[in-house]
Structure formats: C-alpha cells, structure tokens
Amino acid sequence: MILVTAIAALFVAPVTATAAPVTPPRTAAAPAITYNGRAHQLRVAPPRLDGDVTMDGKLDEPQWQQAARLTGFSQFAPSDGVPADDSTEILVWYSPTAIYFGVRAYESHETVHPNLSDRDHIDAEDRIEFLLSTFNDGRQAFVFQVNPLGSQADGTLVESGASNNTAGLGASNNTSTGRALPDLSANFIWQSQGRVTPYGYEVEVRIPFKSIRYQATATQDWGFNVTRHVKHSGYDDSWAPASRSAASFLGQSGTLTGLTDLHRGTVLEFNPEITQTANGAQRVAGYGYTLDHTNIGANLRWGVTNNLTLNATAKPDFSQVEADANQLSYDPRQALFYPERRPFFLDGIEQFTVPSNLIYTRQIVQPTAAGKLTGKLAGMNVAFLSAFDDPSTSVTGSNHPAFAIARAQRDLGSDSRIGLLYTGREDGQNYNRVAGADTRLVFGKIYTVSAQLAGSETQLAGRSFAGPLWNLAFDRNGRTFGLNYSIRAIDPDFETQSGFISHNNIANINLSHRVSLLGKPGALVENFSGVLGVIGEWQYRRLLGGDDFQNRKLHFDFSATLRGGWQLGASVYSEVFGYDPSIYTNYRVVLPGAAGLDTVQFVGRKRIPNHDYVVSVGTPQGAHLSGNISVIFGQDENFYEWQQAAIYFVNASVSWRPTTQLRVDGTYALQKYNRRTNGSTVAERQIPYVKAEYQITPAVFVRLVTEYDTQKQDALRDDRNGGAPILLYDPSSGTYSPASASTTNRMHLQGLFSYQPIPGTVFFLGYGALLNEPRGLRFNDYNRLNDGFFVKLSWLFRAR
C-alpha cells in the first residue's frame, strides 16, 4: 500500500503555500466551439481589411484593433486537456494579397531569453507555430514558426500515420509531443518581426498568398491551428483543443472561414545562379589548386493556377553549403539515410511523400535539367517530376539516366486517403520501374489501418528481375493504452533506383503495446509511457517458417517527462540474431589441413543471443545551455567476426547559447565492440562534432564546423577455430588477403559566410578541408589530403 501511494504521488502536483504569480488578464474570451463533423472544431471569420502594416513587432496599427482575436489555449504536451499555464493571444486578419497574424505571448514565470537565429534553427526556443491547411483536408498543412525576435522556421506537415506505439531503436520519435513533426526542408518567402516586452513578447507575421497554394474557389475555408512552445517548462499549447489519443493532429484543427477574393497575382520567379570552385590536392609538383569550370544555371517557378505550380531547372548547382554529418551503422546490411537539402527538390516536397521512402530524390545525383509539377488537380493531390542525370551516374558512363516520378493522392472521408505511385529510371538498355498503391484509413477517431503494395521491374546488365514490397499496419492511439500491429515485407528482387530501401529480402512482424500515464499539472512525473514490443524478422521467402527466423526481439521501452522539462528514458532488449551468409561471402578462414594450411569458407554460428540496455537523459531547454545523452551497453553481435561482443555506444549532444547571436552545438558518438572471450577491442569508432555560428543580422551569419572521425579495427579472427586468421577478398588483385589491423583518423573542417535575405537570393563564400593524422585525437600532426574554396551567387527575380 505504501508503494502504491508513493508511485501515485509522483503523478500528483505538490501543494505549496506560495502565492500564485500575477498574470495579465486575457484580452478576449475563447472563440465559440461548434461541431461540424469533427470533434470540437473552432470556426473564426477573420476580417478582410485594406492597407498594410509595418513589420516592427508592435501591434499598434488600426488593423490589429479590428482583427479577430483567438485565445483560450490549452496544453497539448506533455499532457492534454488542461488549461495552458501561460496566456496567449493571436490576432488574425487578411488583405487582398496576404494573411496577417499578431502574437501576444504572456510569460509570468521567468524572463524570455530569445536568440537571433538562422532559418529553421529555432527548435530550442520559445516559439509560435501557425498551421495553415489551405485545402482544408486535415491531412497536410503549411508550417510557419517564429521565435520572440521574429526568427523564422518553415516547412510542411503531412499526416503520415507514424505510430506512437512502436518499440525499439528507430521507432517513431513523437511520443513526447504526441503528434507528427513538421518537415522544415521547404522555405517560403514571408515576413516576421518580434520583440520582447515586459509581459512576454509580441510578434507580427505577414504571409503573402503568392508564397502558398490554396483552393481555386472565390470563397473558401482553411484548416487552422496555432501552437506555442514554452521554453522554460517544455510545454506545448494548442489553440484548438487537441487530444493526444486522436489518430490525426491536423484533423482537430480549427477553421478560418469566409476567406474571399484572395489575389495571388502572377506567380513567376526566375532564379539565375553562378558557382565557382577551386579544389586543392597533392600533385607531382607539390600541393596546388585547380580552378573548376564556372557553373551557370537557372531555376524557374510558375504558379499555373492557385493550386498548381510548375518548377524547372537547367544546369542547377546542387553543392551543399554544409556536408552531411557522418552516421554510425549498427547493421552492415542497412544503408544509411541522408535527408534531401537541395532547394529545387524541396519546393512541394510534401506532395512526394510516400510510405517506405519509395521516392528519394537524392537518387538524382547531378541533373543537367529537371522539371516538376505539384499541386491539386481534379480533386487529387498530384506531383510529377522528370529529370536527366549526369552521364557519370550511368552504368555505361555515356547515357543521361532519365527519371520519371509520379504521385497522386485522393482524400477519402474526413481523415483518410488513398495514393498511387510510379517511378522509373531509364539508362540505355537498363531500367528500373516501380508502381504501387497505398492507403491510410482512419476510423473511430483513434484507429488507423495503413496498407501498401508495390512491385518493381528491373533490367541491369542483361539480367531481368522483379519483386514485390508490401506492408499492413493496424494502430490504436488511445490516451492510456495504444497498440501497433504491423507486417512489412520486401522481396530480395525488389529494387528501387528512385527511392530508398535500407534493406531488402526481409519480412518483419512487429507487435507493440503502449501504456501511458499523464500526471497532474505540476506533478513530478508529467508523462510516462511504457512500450512492449515483440518483433520477428525473416528472410522474405522464409516468412513464418517456424524456427527458421532471421532475428527475434523482445523490447521494453520506458520514457518519462518530468516537471521542468527533463526527459528520461530506459530500455531493455532481449534479442536473438541469426547468421546471414550473404554478409560473409568474401570471408575465408585459414585452418590446419591434412597437407598443411587450408583456406576454407567462413561459416558462423547459427544464432547469437543478445541482451542490451539503454539509458537516456535530456535536460530542459535552459536559457543558455541544454543537452542530452544516450548510452547503450550489454551484449550484442559483433558483425566483423560474427561473435558475441560487449558493446558500448554513446550518443551525446550539447547546445550552448552564450549570447543572443552566438550558438555552439556539439555532438559526440562512440561505438565500441569488445570480444567477450578476452576483452580485446574488435572495432571502435568515435565522431566528435562541433559547429559554431555567429548570427550577425537576420540575413547574415558565419559558420565554422569541425568533425573528427577516428576508426580502428583489430585483425579479424575466428575464435571458434582457435583464433584462426580471417581472409578478405581483394577485388583489385582478385586474391584473398588477411584482414589486418587498421586505423584511420580524419578531420573535416568547414567555414562559411552566408548572406540570404530571402530564399533564392544568396551569397555563399565557403571553404572545406579534409585532413588526417597518424594517431587519433592528438590534434598535433595533421596532413592535408585535399581542400577547396567555393563561391555561389544567386538572385531571385519575382513578378509583382
């Protein structure tokens, strides 16, 4: 009884004798709540007014006095259904050419500490988020975020049906927020300015209709919601009352009604660009630089209608101003995923969203020309992309591989949808074609059924093969109890050269069950979740083949949000991994034979049992400092030698904001495998990473990045055969040679000056260098392998 009482006390707010803080009174009552097919949907008719306002963060123009006022926010995360601790007032009106939002955010607990931040880097800040579902479909929305100084983040949000109930590493990471996270890849042209006030902060926002797509009707309604993230507490508040148990967050939005006579004007943008690079390398005469050919290209964007946009590009420069950070691989059979960052592909990227990543535009490496059409046509969301890639990506080296990607989706009912897909890559006589269909059906507010079926046909070097991909999932997203039952299968002959599949020839069954407990406001434990996952994996053609499984996993995951914004996590994994001969086809072992030493094929043990433990801690988002760390330890498979290993994995990050303009972010990753037989290290990799940025003005910043990647691997041996040496096939010589000990220590340096007043108008001046040293992390004996300078200038011409 004492134990039960103690546990219950964790979820109940303490009673204190301190006086309640004085907060400003709310300026208006919450809008009336009506019902029109969705539970508790709020409907607001903003006024249409003439004129403009000065973007200075002061809500003192006459239009703000006539604007519709939205109040009555409630908390959404970590708990829902309770009034917000901090009062928020949103003002809304629109002119013929733009929609305007004003923000009065009251903060009664502590002083607001905003930062002057680069675009899309305000996730650790107090911020306001506007969600505009301009087609009022409850499935996708434009996202506009601002911090108290008006620094911007923008993108899109698509209700993809990602589950909160799955277990294990790589599971959905929206359990703390209870909603899908926005994709901040796309950038739009809009204006914002904010300022800190004695009571909190004020922000003005102007979003031109020219920058977004919307319906073609004279009078229309938009799905709409506003959320507020409070930095000091970690709370998320929502204007439209939202339940964490609902299958759709956007489906619970309010509505802006009666928007009439909207003028988008001529949407025509021309964006020429010029890039020059100089690359340095060691040559016979010494280290020297080569000035590369100047690249001149152009992009064109045309709003065909209010809801249909055409993009075209010729000889685009797709150099990235920041290199992809290195990632650790936990399974050699799985490819690593890197997000798309190139501007041409980001406009309308939400229209290309498809389950299983069957569209992955980074497969188009260096197009010489490309075009795409995105929007809504005949009641369907449509997207088509065509591109011709550089001959260097061709199998023959002489063709321009041609890509054709098409995606269409139609809404079903209030929250469901069905979609079709086609992708093709033609490379002379070689080709890859994928066709598929998928659906997401929402019913009973908390239940979702998702299904997908696709097939591929490939011809490569005279060989033809084809195979299917299919998956089926059922999800219950209840407030206290949730579950996810899913099966996903990919044939070994399924291939997509326009998408991303991390691992084929696999069938996975996942049965996950979640229990969540929400504490009272102010309780020590504000949110607790536990997930039990039972996971089975087979090679595709051995699905349900009795004991002939590939991997078997039992996962227990626990997470908690504590008062003040602390995040705690713990997991226990019991797994059995099966031997996969496809990984070791190039392995040989030297063993004693009748006539001396014989070289024979390496064969590993059939099963390796594992027991792993995970502990993670995340700090609150402090005024200047925050961080998190995750540690994995226990017994896991050593893929290098297919033996049991003692593992030590660490992932840590820290964010430091010493001033409003300087930000320093650091991460550290460690991956270490020790043999259980004698404790010796098989392999170890460490990746420390530091990025420092100084924001001179909202449009100008300088960046310095340092990433160090040190790897060492012991000589491989087969301990099952007395430590016999392992040989690896060398393609260059066509022979087998010992897998000797090796080490690499490389450091990547990057510097960037960036001027970007609006998306499309940029001036970049950058430098990058790759160095190595004989001994890792000594920082005293560098050898420069290569380096390079680049300058890029582009200018956006926009029709008025």
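### Comments concerning the overall build of the chain
Phase 1: The helix and strand tally for the chain stands at three helices and 46 strands.
Phase 2: Taking all 800 residues of the chain together, the buried fraction comes to 50%.
Phase 3: A sequence separation of at least 24 residues applies to 62% of the contacts in the chain between residues at least 6 apart.
Phase 4: Accessible area for the chain stands at about 34500 Å²; split by element, carbon and sulfur atoms hold 60% of it.

### Notes on the packing of aromatic side chains
Phase 1: Applying the stated criterion across every chain yields a total of 34 aromatic pairs.
Phase 2: If you follow K372 out to its NZ or CZ, it ends over the ring of F344, 5.1 Å from the centre.
Phase 3: When the ring centre of Y431 is taken as reference, the NZ or CZ atom of R433 above it lies at 3.9 Å.

### A few points about the pairing of strand β44 (residues 761–772)
Phase 1: Note that strand β43 (residues 742–758) and β44 share eleven bridges and pair antiparallel. Bridging from a neighbouring strand, L752 pairs with G766 of β44.
Phase 2: Once β43 ends, the chain turns through two residues before running back antiparallel as β44, passing G760 with a positive phi of about 105 degrees.
Phase 3: Relative to strand β45 (residues 783–794), β44 runs antiparallel, the two being bridged by eleven bridges. Note on β45: the bridge partner recorded for G766 is F790.

### Focus on the sheet that holds strand β3 (residues 68–70)
Phase 1: As summarised here, the arrangement of the five strands in space is β3-β6-β7-β12-β11, forming an open sheet in which the pairing is antiparallel. Strands with a single pairing partner mark the edges of an open sheet, and in this sheet they are β3 and β11 (191–197). If you compare each strand with its neighbour and ignore which way they point, the axes differ by 15 degrees on average.

### Overview of the pattern of salt bridges
Phase 1: If you walk through the whole model with that rule in mind, you get 33 salt bridges.
Phase 2: Close ionic contact of K376 with D411 constitutes a salt bridge, the shortest N to O distance being 3.6 Å. Within this pair, whereas K376 is found in strand β20 (residues 367–377), its partner D411 is found in strand β22 (residues 402–412), the two being separated by 35 residues in sequence.
Phase 3: Linking D665 and R657 is a salt bridge whose minimum nitrogen-to-oxygen distance equals 3.2 Å.
Phase 4: Under the relative-accessibility criterion, D665 is labelled partly exposed at 21%.
Phase 5: Looking at R657, the relative accessible area reads 14%, which means it is buried.
Phase 6: It is possible to trace a salt-bridge network through shared partners that takes in E89, R104, R195 and E202.

### Overview of the side chain of T439
Phase 1: By the element assignment, T439 lies in strand β24 (residues 430–443).
Phase 2: Side-chain polar atoms of T439 contact the backbone oxygen of R417, separated by 2.8 Å.
Phase 3: Residues contacting T439, with those up to four places away along its chain left out, are R417, I418, V449, S450 and A451.

### Considerations on the side chain of R675
Phase 1: Secondary-structure assignment places R675 in strand β37 (residues 662–675).
Phase 2: A residue is classified by how much of its surface remains accessible, and R675, at 3% relative accessible area, is buried.
Phase 3: Within the structure, the side chain of R675 is placed 3.2 Å from the backbone oxygen of A715, a separation counted as a polar contact.
Phase 4: If near-sequence neighbours (up to four positions away) are discounted, R675 is found in contact with E641, Q644, S680, T681, V682, D714, A715, R717 and D719.

### Focus on unusual backbone geometry
Phase 1: Following A77, the chain continues into P78 via a peptide bond in cis, with omega recorded as 5 degrees.
Phase 2: The residue P78 is located in the loop between β4 (74–77) and β5 (82–83) in this model.
Phase 3: Phi angles above zero are rare outside glycine, and D120 is one such case at about 70 degrees.
Phase 4: Structurally, D120 can be placed in the loop between β7 (98–106) and β8 (127–133).
Phase 5: Of note, A378 is a non-glycine position whose phi angle comes to about 55 degrees, a positive value.

### Considerations on the confidence of the model for the chain
Phase 1: Within the chain, residue pLDDT values average 87, and 89% of them lie at 70 or more.
Phase 2: In this model residues 1–6 is a low-confidence stretch, pLDDT under 50, and it forms zero contacts with partners more than four residues away in sequence or in other chains.

### Let's talk about the environment of T761
Phase 1: One can find T761 in strand β44.
Phase 2: Along the backbone, T761 and F797 are 36 residues apart, and their C-alpha atoms lie at a distance of 8.7 Å.
Phase 3: Here L796 takes part through its backbone nitrogen, which lies 3.0 Å from a polar atom of the side chain of T761.

### Quick notes on the nonpolar core
Phase 1: Of all hydrophobic cores here, the largest spans 38 residues; its most connected members are F130 and W222.
Phase 2: If near-sequence neighbours (up to four positions away) are discounted, F130 is found in contact with I90, F101, V103, F142, V143, F144, V146, V205, F224, N225 and V226.
Phase 3: Of all hydrophobic cores here, the second largest spans 22 residues; its members include Y579, I608, V614 and I647.

### As for the pairing of strand β10 (residues 152–158)
Phase 1: Where burial is concerned, most of β10 is hidden: six out of the seven residues are buried.
Phase 2: Pairing of strand β9 (residues 140–146) with β10, which is carried by seven bridges, proceeds in the antiparallel orientation. From the neighbouring strand, Q145 faces β10, where its bridge partner is A153.

### With respect to the environment of R784
Phase 1: Note that R784 resides in strand β45.
Phase 2: Sequence-wise, R784 and R746 are 38 residues apart; in three dimensions their C-alpha atoms are separated by 9.6 Å.
Phase 3: With sequence-adjacent residues up to four places away left out, R784 is seen in contact with Y287, Y289, L770 and L771.
Phase 4: A distance of 3.3 Å separates the side chain of R784 from the side chain of Y289, its partner in a polar contact.

### Structural notes on the environment of T266
Phase 1: For T266, the location among the structural elements is in the loop between β15 (254–260) and β16 (268–283).
Phase 2: Since its relative accessible area comes to 46%, T266 is described here as partly exposed.
Phase 3: As for T266 and K210, which are separated by 56 residues in sequence, their C-alpha atoms are 7.8 Å apart.
Phase 4: Apart from residues lying up to four places away in sequence, T266 is in contact with K210 and A799.

Quick notes on the rules
- Numbering of residues starts from 1 in each chain and follows the order in which that chain's sequence is written.
- Where local features are concerned, this predicted model is filtered to residues with pLDDT of at least 70; where side-chain atom pairs are given and counted, the filter is 80 or more; whole-chain, interface and lining totals use all residues.
- To get the side-chain values, all heavy atoms of the structure are used, and hydrogens and water are removed first.
- For helices the rule is a DSSP run of H or I covering at least 4 residues; for strands it is a run of E covering at least 2, with both sets numbered from the N terminus onward.
- The classification of residues rests on relative accessible area computed with a 1.4 Å probe and restricted to protein chains. Under 20% of the type maximum is buried, over 50% is exposed, and intermediate values are partly exposed.
- A contact between two residues is defined here by any heavy atoms of the two lying within 4.5 Å.
- With residues, only the protein chains shown are counted as cover, and all accessible areas are computed by Shrake-Rupley using a 1.4 Å probe.
- Each pair of aromatic rings taken from Phe, Tyr and Trp, with Trp reduced to its six-membered ring, is defined by centres within 6.5 Å and is described as stacked if the planes are under 30 degrees apart, edge-to-face if over 60, and tilted in the remaining cases.
- A ring is scored as having a charge over it whenever the NZ atom of a lysine or the CZ atom of an arginine sits within 6 Å of its centre and within 35 degrees of its normal.
- For two strands to be treated as a pair, DSSP must find no fewer than two bridges joining them.
- Fitted lines through C-alpha atoms serve as axes, helices being fitted only where they are in contact, and the angles separating the N-to-C directions of these axes extend from 0 to 180 degrees.
- By salt bridge we mean one thing: a side-chain nitrogen of Lys or Arg within 4 Å of a carboxyl oxygen of Asp or Glu.
- Two N or O atoms count as a polar contact when they lie within 3.5 Å, although within protein this holds only if one can serve as hydrogen donor and the other as acceptor, and sequence-adjacent residues are included solely when both atoms are side-chain atoms.
- For every residue, the predictor reports its confidence as pLDDT, a number between 0 and 100.
- The term nonpolar core refers to a set of buried residues drawn from Ala, Val, Leu, Ile, Met, Phe, Trp, Tyr and Cys, joined through side-chain atoms within 4.5 Å.

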